[in-house]
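Below, each chain spelled out in residue letters.
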Amino acid sequence: MLSPKKVKHRKVFTGKNRGTAHRGSSIAFGEYALKATTRGNMTAQQIEAARIAINRKIKRGGTVWIRVFPAKPVTKKPAETRMGKGKGSPEFWVCPVKPGKILYELGGVDEELAVRALTLAGNKLPFRTKVISKRSTL
Amino acid sequence: MITKEIPSAVRDCFGKGAMRRLRAAGKTPGVLYGAGAQALALEFETKVLFSELIDLQRRNAVITLKIDNGTEKRAVVKEIQTDPLRDSLYHADFLEIDVDKPAKFTVPVSYKGKAKGEDLGGLKSISQRSVVVQGKPLSVPDELEVDIRSLAIGDKISAGEITLPEGVTLISDAGTLCFGIVAP
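Residues numbered from 1 in each chain as written. Chains lettered and ligands numbered in written order. Predicted model: local features only at pLDDT ≥ 70, side-chain atom pairs only at ≥ 80, totals over all residues. Heavy atoms only, no water.

What follows is about the environment of Lys72 of chain A. Residues and elements named next belong to chain A. Its place among the elements puts Lys72 in strand β4 (residues 72-76). Expressed as a C-alpha distance, the spacing of Lys72 and Leu118, which sit 46 residues apart in the sequence, is 24 Å. If we ignore the near neighbours within four places in the chain, the residues touching Lys72 are Val12, Phe13, Thr14, Gly15, Phe92, Trp93, Val94 and Pro96. Side-chain polar atoms of Lys72 contact the backbone oxygen of Thr14, separated by 2.3 Å. (Helix = DSSP H or I, 4+ residues; strand = E, 2+ residues; numbered from the N terminus. Contact = heavy atoms within 4.5 Å. Polar contact = N/O pair within 3.5 Å; in protein donor to acceptor, adjacent residues only side chain to side chain.)

Right, dumping it as structure tokens:
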């Protein structure tokens with residue numbers, strides 16, 4: 001699974017996820033892409049699950065680009081622990097996703113297969129997505 | 001280079017609220033500037049502008065703007081602002097050009113065919129997908145095609161080796177490596 005090799009701070013603030021994506025909102029590499037239409041956090045497990053779903057569908061016939069990276073640590077307190085005694089320990093990594101963010105790009109496959117593969121990937125994610133093609137975007 | 005005609009009208013409303021009303025009415029604001037003239041605010045029918053711009057796919061094109069005041073201006077697309085979520089048009093910038101005056105353009109390079117070296121196990125290495133050229137806008141090609149069929153393993157193509165049409169000169173460094181077949 002994806003995770004940073006080295007971080008400056010082990011724990012970070014929860015933060016807020018507001019606004020729309022401007023950077024990383026257009027297709028840069030492939031012909032087809034999966035775009036987030038609502039917001040949420042995409043965990044490293046979900047990124048991997050969606051990637052596997054795409055690769056299984058296209059059967060290594062095309063090229064997949066992953067446009068998200070889980071660089072934010074999420075902490076969790078152990079079960080049955082009283083409140084206080086400091087912040088919990090890092091449990092997993094997420095990528096905060098804003099509406100409009102391109103998540104995956106796909107090239108070298110026909111449109112029908114690309115739409116099927118990316119729809120399967122979108123089903124693995126905790127927010128709504130849509131499939132777009134380079135030809136239909138400016 | 002591709003040529004297009006887009007009808008437009010002079011825009012006399014400005015500001016955030018007015019632009020939102022304009023977009024709601026099915027129009028897209030735009031601006032034309034350059035050639036030493038004062039910037040001219042324009043408005044376009046969104047459907048027409050969108051279909052023309054999507055047809056271009058951000059390629060170089062000389063656009064003739066037919067303005068409702070009876071004038072025609074030649075321009076190139078300078079910037080397109082879109083909604084990241086809906087992929088709809090926000091605004092378009094056009095830069096006025098003189099078609100008889102040479103200008104700089106970034107032209108995509110496409111590598112055609114399958115190299116001999118690839119059959120022998122070599123790998124394609126694309127270093128440059130575009131080069132900067134200078135020429136009269138109408139004589140600059142949409143795309144530069146490079147035949148790579150004769151390349152063996154270790155052969156390279158630099159920017160200076162790309163054949164350009166008459167009247168078009170290369171601005172990118174001639175020694176820039178564009179394409180090569182490398183040993184596996």
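From this point, the discussion proceeds with the structure in view.
A word on the interface of chain A and chain B. Interface extent is often summarised as the accessible area lost during association of the parts. At the interface, 16 residues of chain A touch 12 residues of chain B. Buried area between chain A and chain B, summed over both chains or domains, comes out near 1,000 Å², and the portion from carbon and sulfur atoms is 61%. Counting every contact that joins chain A to chain B gives 1 salt bridge. Here Asp87 of chain B and Lys35 of chain A are joined by a salt bridge, their closest N and O atoms 2.9 Å apart. Taken together, the connections running from chain A to chain B amount to 6 residue pairs in polar contact (both at pLDDT 80 or more). Class assignment of the residues belonging to the side of chain A that touches chain B gives a composition of 5 nonpolar, 7 polar and 4 charged. (Buried area = accessible area lost by both parts, 1.4 Å probe. Salt bridge = Lys/Arg side-chain N within 4 Å of Asp/Glu carboxyl O. Nonpolar A, V, L, I, M, F, W, Y, C, P; charged D, E, K, R; others polar.)

Residues and elements named next belong to chain B. Domain assignment breaks chain B into domain 1 (2-96) and domain 2 (103-182). Centre-to-centre separation of domain 1 and domain 2, based on C-alpha positions: 32 Å. If you look at the interface, domain 1 gives 6 residues, while domain 2 gives 6 residues. Between domain 1 and domain 2, roughly 490 Å² of surface is buried when both sides are summed, and carbon and sulfur atoms account for 60% of that area. For the domain 1 face of the interface with domain 2, the top three residues by lost area are Ile2, Asn60 and Val62, together amounting to 67%. Connecting domain 1 to domain 2 are 0 salt bridges. Those elements giving two or more residues to the side of domain 1 that touches domain 2 turn out to be β1 (2-10) and β5 (72-82). Partitioned by chemical class, the residues of the side of domain 1 that touches domain 2 number 3 nonpolar, 2 polar and 1 charged. (Domains from an automatic or database assignment.)

Residues and elements named next belong to chain A. Helix length check: helix α2 (residues 111-122), at 12 residues, gives a terminal C-alpha distance of 16 Å against a target of 16 Å (1.5 Å per residue), a fit within 8%. All of the buried residues along α2 are Ala114, Ala117, Leu118, Ala121 and Gly122. Here the buried residues of α2 occupy an arc of 140° about the axis, which is enough to place them on one side. Those residues of α2 that are buried lie in contact with β1 (32-36), α1 (44-58), β6 (102-107) and β7 (129-133). Backbone nitrogen of Glu112 and a side-chain oxygen of the N-cap are separated by 3.2 Å at the start of α2; the cap is Asp110. (Expected span 1.5 Å × (residues − 1). Buried < 20%, exposed > 50% of the residue type's maximum accessible area, 1.4 Å probe, protein only. Arc of directions from axis to C-beta.)

Attention now goes to the environment of Leu89 of chain B. Along the chain, the position of Leu89 of chain B falls in strand β6 (residues 89-96). Residue classification places Leu89 of chain B among the buried residues on the basis of a relative accessible area of 5%. Residues Leu89 of chain B and Ala9 of chain B, spaced 80 residues apart in sequence, show a C-alpha to C-alpha distance of 17 Å. Beyond its immediate sequence surroundings of up to four residues, Leu89 of chain B is in contact with Leu138 of chain A together with Arg23, Thr28, Thr46, Leu49, Phe50, Leu53, Ile80 and Gln81 of chain B.

Here we come to the sheet that holds β4 of chain A. Neighbouring strands of a sheet are bound in pairs by backbone hydrogen bonds; such pairs are parallel or else antiparallel. Residue and element names in this part refer to chain A. Here we have 3 strands laid out as an open sheet, ordered β2-β5-β4, and antiparallel in their pairing. The two strands at the open ends of the sheet, each matched to only one other strand, are β2 (40-43) and β4. This sheet shows a mean twist of 50° between the axes of neighbouring strands, independent of strand direction. Looking at chain direction, β2 and strand β5 (residues 89-97) are connected through 4 bridges and run antiparallel. Bridge pairing links Asn41 to Pro96 in β5. Most of the contacts of α1 go to β2, to which it runs at about 70°, and overall it touches β2 and β5. (Pairing = 2+ DSSP bridges. Axes fitted to C-alpha atoms, helices over the stretch in contact; angles between N-to-C directions.)

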